[in-house]
Amino acid sequence: MAKYAFFLGCIAPLRYPGLEKSTRVISERLGLELVDIQDASCCPAPGVIRAFSRDAWLAAAARNLALAEKMGLPIVTICNGCYGSLFEAAHELNNNADKLAAINKILAEIGMEYKGTTQVRHFAEVLYNDVGIEKIKAAITKPLDYQVATFYGCHFLKPSEIKEIDDPENPHILDDLVEATGATSLPRKQKTLCCGAGGGLKAAFGDVAKEFTKTNLENMTESGAKYIVDVCPFCHLQFDSVQGDLGYSIPVLHLSQLYGIAMGMSAEDLGLSAHVVPVKL
Amino acid sequence: MNITEIKPNPEFEAEIVAAGGEDVKMCFQCGTCTASCPSGRRTSYRVRKLMRMAQLGLKDQIVNSEELWECSTCYTCVERCPRSVPIVDVVIALRNIAVAEGHIYDNHKKTAASFYKTGHTVGINDKIKALRSSMGLPEIPPTVLSNKKAMEDVDKILKATGFNKIVE
């Protein structure tokens, strides 16, 4: 069984625990063993904490990477923000001995060391590359006929120069993953437009962030989509929390929840009561 | 017409590099970034202008500007830049320089304080605890929230890098 160190992050366990639960359940069904990383902190968030202090960001990220390194497993995360931070921190430290040495001076203060070996993976990419569409199709017990707007977010695929997962301007892997459930992914305008929440924009300029979300919602509505499927708890939070103000009510599901529905999970285990926009099964 | 004299400050580039931003000098002002920027469609943020200001070393204007904080770090400009300028890294470096001089929004300070105090950028509440339990998940996730020693470790790391100065 393929094994991974499961990095929880903040928004999933502390705002939408259904994302965490459904990830655990569907992983088991798909033959992925997720081992919790004990004692991890926030990744830390790439658009806020990194923007305040790159040094603090890198040191705290290195601690998380070192915890997974001790387990001898690659990190898997269901959040674009965590993926962005941990992937970029690993890329920086795993390829630069001087930076690694400097970080280890800080980690030594808490009796830790990072050797620079941890690999960082996004759960959606693991599903696509390690499990594969055929095996996913075979695990679906309740095929869905949903009309879906897929939402990749930004830090899943970009910067593509180091992530090399899919074409960031015209991606397909999330669409393929969604369609494996029987659902249809509908084409729409500006499919790769940011949700607006990242980079500290939601916290400092919430109305500007909403303007991004509004354009996305207009394009999704025009496409005929009845569900939004994301791969990031922060995009999920943005779409779920601001739709009411903007006069929309398109249910928002993380890919793990969509798979949970297609594998027969209950509304309780999917954590749907935490959603602002009601999701009816 | 008023003409403002600009005094370039070439030393500023070294400051940007030290804060983790490199290659800002590679920008040749084509404007692909501004044309691609979703924030620029909705705000007065202009990526090309910010890169030029950084090249010229207009530090005071940059650290005092609202626009510096209007980038959502979506990386569209980075993907399309024909000179491979790591624009987001430059923006992050400029923000680090601004924060070090005390320029930080209240809500950002709150996020930083939450991370400093709890190891997470958002807090846990009773409703979420109950929901987690009802789903068969541990009431408190197995992160720093579950281990006082781990939280002390994070605290030490943040103090060692001066993060405490941002929130205090």
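What counts, and at which threshold
Residues numbered from 1 in each chain as written. Chains lettered and ligands numbered in written order. Predicted model: local features only at pLDDT ≥ 70, side-chain atom pairs only at ≥ 80, totals over all residues. Heavy atoms only, no water. Helix = DSSP H or I, 4+ residues; strand = E, 2+ residues; numbered from the N terminus. Rg over C-alpha atoms; globule rule 2.2 N^0.38 Å. Buried < 20%, exposed > 50% of the residue type's maximum accessible area, 1.4 Å probe, protein only. Contact = heavy atoms within 4.5 Å. Areas by Shrake-Rupley, 256 points an atom, 1.4 Å probe, with all protein chains shown as cover. Lys, Arg positive; Asp, Glu negative; His and termini not counted. Charge placed at Lys NZ, Arg CZ, Asp CG, Glu CD. Pairing = 2+ DSSP bridges. Expected span 1.5 Å × (residues − 1). Axes fitted to C-alpha atoms, helices over the stretch in contact; angles between N-to-C directions. Domains from an automatic or database assignment.

(A) Geometry of the overall build of chain B. Within chain B one finds 10 helices and 0 strands. Helices and strands in chain B line up, N terminus first, as α-α-α-α-α-α-α-α-α-α. For chain B, the C-alpha radius of gyration of 20 Å lies well beyond 15 Å, the compact-globule estimate for 168 residues. Seen through its principal axes, chain B has C-alpha atoms that stretch 65 × 30 × 30 Å. Each of the 168 residues in chain B was classed as buried or not, and the buried ones make up 51%. Residue pairs in contact within chain B that sit at least 24 positions apart in sequence constitute 66% of those at least 6 positions apart. With the model as given, the accessible surface of chain B reaches about 8300 Å², and the carbon-plus-sulfur share is 50%. One finds the centroid of the 23 positive side-chain charges in chain B at a distance of 4 Å from the centroid of its 20 negative side-chain charges.

(B) The pairing of strand β1 (residues 2–7) of chain A, seen in detail. Residue and element names in this part refer to chain A. The sheet contact formed by β1 and strand β2 (residues 32–36) spans 5 bridges and is parallel. Counterpart to A2 in the pairing with β2 is L32. In the sheet, β1 pairs with strand β3 (residues 75–77) via 3 bridges, with the strands oriented parallel. Bridge assignment links F6 to a residue of β3, and that residue is V76.

(C) Just the environment of A274(A), in detail. All names here are of chain A. Examined against the element boundaries, A274 turns out to sit in the segment after α14 (255–262). Taking relative accessible area as the criterion, A274 reaches 15% and is therefore assigned buried. Sequence separation between A274 and E161 is 113 residues; the distance between their C-alpha atoms is 36 Å.

(D) Examining the side chain of R95(B) more closely. Here R95(B) is to be found in helix α6 (residues 87–100). Those residues in contact with R95(B), other than ones at most four positions away along the chain, are G47(A), A51(A), G199(A), L68(B), W69(B), E70(B) and C71(B).

(E) Focus on α6(B). Residues and elements named next belong to chain B. Between the first and last C-alpha of α6 there are 20 Å, a value that for 14 residues agrees with the 20 Å anticipated at 1.5 Å per step. Turning to α6, its buried residues number three or more, namely I87, V88, V90, V91, I92, A93, L94, R95, N96, I97, A98 and V99. Looking at the residues trailing α6, positive phi occurs at G102, about 90 degrees.

(F) The arrangement of the sheet that holds strand β4 (residues 120–122) of chain A in detail. Residues and elements named next belong to chain A. As summarised here, the arrangement of the 4 strands in space is β2-β1-β3-β4, forming an open sheet in which the pairing is parallel. Here the strands that pair on one side only, and so sit at the sheet edges, are β2 and β4. The sheet shows a mean angle of 40 degrees between the axes of neighbouring strands, taken without regard to direction. Contacts from helix α2 (residues 17–29) reach β1 and β2, with the element oriented near 140 degrees to β2. Docked against the sheet, helix α5 (residues 80–94) engages β1, β3 and β4, running at close to 155 degrees with respect to β4.

(G) Structural view of the domain arrangement of chain B. Per the domain assignment, the segments making up chain B are domain 1 (3–100) and domain 2 (106–167). Taken over C-alpha atoms, the centre of domain 1 of chain B sits 32 Å from the centre of domain 2 of chain B.

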